[in-house]
Amino acid sequence: MNDNNKVLEVNDLRVAYNGTTVIEGLSFAVKRRDILVILGPNGAGKTTLLRSLLNLLPYQGDITWHAGKIGYVPPQELLRRQDIPPLKLSEFFAFKTSDREKIEAMLCAVGLDVRCLQRQFNELSTGQFQRMMIAWSLLDNPDVLILDEPTSGIDIGGEETIYSLLQKFWQKQNLTILLVTHDLHVVWEYATQVLCLNRQEMCMGEPDEVLTPEQLKRLYGSGIKFYQHRHG
Amino acid sequence: MLETILLALIIGCAIGAVAGYMGSLMLTKRMALMGGALGHLTLPGVALALLYDFDVSLGALLFLTGGVAIIWLLEQKTRLHPEALTAVVFSGALATAFLFLPEEKTEIALLGDISQISPATVLITVLICMGLFGVIKSIYAPLVLSGISADLAQTNGANIKRNDAIYLICIAITVAIGVRIVGGLMTAALLAIPACTAKNLSNGLEQYTVISSIAGAIACALGILAFGVTGISAGPLIIIASVVLFLASIFFRDKGR
């Protein structure tokens, strides 16, 4: 891989919580404009990996970014929407920029009515909220967008909207996306690269090449059913 | 008497407003009862000040500084929530205070005293309040954001540990100056009730902070005026006024729906 084309390099990453190793000996690289989907069972270290990449956790090893701004959409369960002060969406967006036109343009781009700026932070549905969070994280034109299970708690229609939206931004901007999901169809549909993680790297490469039935069984255990996806 | 009331009104409104502003963040920081715990933490300092005849806020601040430092250290070591750690430390402080607090000074320590405030004290307190207001205003947005998600705040450049430490210090100073007017027993109310009142009446952050500050100032003014008329300790009267404002806010909130 040409070095200039790399946006992220991870070498021999090790992350531990209270003496328990969660990720060990993980090395991989991400190219500019990749959509990297990180797959793995619960407790595999996916969220830990993202939080380490964002320097939110102490780690050993090397994480090198060749990127300017990095946007982040945390998992829903790590976002508090209740028991906070009254907060209009316009005020939430003002934490990032005072450019009203830019905010309104971004809201339109994610398919939200600009009138929702007058609504309370806790009044949006889960799907609307995630679209709003994507708009918020893309507001300062990041080079990389990191999302942790962006469609958890959203119905199938809403889920499709979120991924189509992400793909639209990916096509339009020079964006690299790192995404954690449990949804295999997202990998087939949108990923350019997949990283199978279960405390350490189980596989890494293009989905068609590395996501074999054997690999998925090794990753998730024998309970997994495999349905071959074919591109039209 | 008129001069005493006037000085008390100035100092009371300044403390009430800044306590209301500071308290408006307590909902997001899950520290609603923190003010009370810190208030109790001041009691050994207030007791010493009353015994050796020096400024009660100074005595309070002395013990608060030590207490907050211990809470902060324990938080780093144990990862327990500050509120839980404060409960441990304030219980110790409260018990210690009653070991050497003279019985005749108990009421002043617990309920506050506004009858002997000098113009210099008022000036210093108002300046401290202005400083506190400025410091908190500068970190208000990152503190709200970190209440929504610490990760989100950090990835947007906020230094959460530093901001939390600054906020805790500002709360401690507010409690130290608040002890003078409402005593060590009721500082939680000074911080928490105006924010609850404001939450009932506002539909945005800006409105919320303004109403919280105004509600804090009005409660202090009403309590001090009631003290002027009745001669009853201002501390309880301020808190009762604050509760009345809160109850009124429920009525207006229900009417607005």
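This one's a predicted model, so the numbers in the text were calculated from it and none came from an experiment.

Novice: Just checking my understanding: could you explain helix α7 (residues 119-148) of chain B for this structure?
Specialist: Since the α-helix turns once every 3.6 residues, residues separated by three or four places project in the same direction. Here α7 of chain B is 30 residues long and its end C-alpha atoms lie 42 Å apart, about the 44 Å a rise of 1.5 Å per residue gives. At Y140 of chain B, α7 of chain B shows its largest bend, some 50°, and a proline, P142 of chain B, comes one to four positions later.

Novice: Got a minute to help me understand the sheet that holds strand β7 (residues 176-180) of chain A in this structure?
Specialist: Residues and elements named next belong to chain A. Taken in spatial order, the six strands line up as β5-β6-β7-β3-β8-β9 in an open sheet, and their pairing is mixed. The two strands at the open ends of the sheet, each matched to only one other strand, are β5 (70-73) and β9 (200-205). Strand after strand, the sheet turns through a mean of 15° between neighbouring axes, direction not considered. Bridging between strand β3 (residues 35-39) and strand β8 (residues 193-198) involves four bridges; their strand directions are parallel. Following the sheet pairing, I38 is matched in β8 by L195. Of the strands in this sheet, β5 and β6 (144-148) are in contact with helix α4 (residues 126-138), which crosses β5 at around 165°.

Novice: What exactly am I supposed to notice about the packing of aromatic side chains here?
Specialist: Remark: the centre distance and the inter-plane angle together describe each pair of aromatic rings, the angle taken between the planes. One pass over the structure, following the stated rule, counts nine aromatic pairs over all chains. On the basis of an interplanar angle of 70° and a centroid distance of 5.5 Å, the ring pair of F251 of chain B and F252 of chain B is categorised as edge-to-face. Sitting over the face of the ring of W170 of chain A, R33 of chain A holds its NZ or CZ atom 4.7 Å from the ring centroid.

Novice: Is there a simple way to think about the interface of chain B and chain A in this case?
Specialist: By a frequent convention, interface size equals the accessible area lost on bringing the separate parts together. Listed by partner, the interface residues are 23 residues for chain B and 23 residues for chain A. Both faces considered, chain B and chain A share a buried interface measuring about 2,000 Å² in area, 62% of it formed by carbon and sulfur atoms. Contact with chain A buries surface across chain B, with I148, D151 and L152 of chain B losing the most and accounting together for 29% of the total. The interface formed by chain B and chain A holds one salt bridge in total. At the junction of chain B and chain A, the tally comes to six residue pairs in polar contact (both at pLDDT 80 or more). Of all the elements in the fold, those that place two or more residues in the side of chain B that touches chain A are α2 (26-29), α7, α8 (150-155) and α11 (205-230) of chain B. In terms of residue class, the side of chain B that touches chain A is made up of eight nonpolar, 10 polar and five charged.

What counts and what doesn't
- Residues numbered from 1 in each chain as written.
- Chains lettered and ligands numbered in written order.
- Predicted model: local features only at pLDDT ≥ 70, side-chain atom pairs only at ≥ 80, totals over all residues.
- Heavy atoms only, no water.
- Helix = DSSP H or I, 4+ residues; strand = E, 2+ residues; numbered from the N terminus.
- Expected span 1.5 Å × (residues − 1).
- Bend = angle between axes of the 7 residues up to and from the residue.
- Pairing = 2+ DSSP bridges.
- Axes fitted to C-alpha atoms, helices over the stretch in contact; angles between N-to-C directions.
- Contact = heavy atoms within 4.5 Å.
- Phe/Tyr/Trp six-rings, centres within 6.5 Å; stacked < 30°, edge-to-face > 60°.
- Lys NZ or Arg CZ within 6 Å of the ring centre and 35° of its normal.
- Buried area = accessible area lost by both parts, 1.4 Å probe.
- Salt bridge = Lys/Arg side-chain N within 4 Å of Asp/Glu carboxyl O.
- Polar contact = N/O pair within 3.5 Å; in protein donor to acceptor, adjacent residues only side chain to side chain.
- Nonpolar A, V, L, I, M, F, W, Y, C, P; charged D, E, K, R; others polar.

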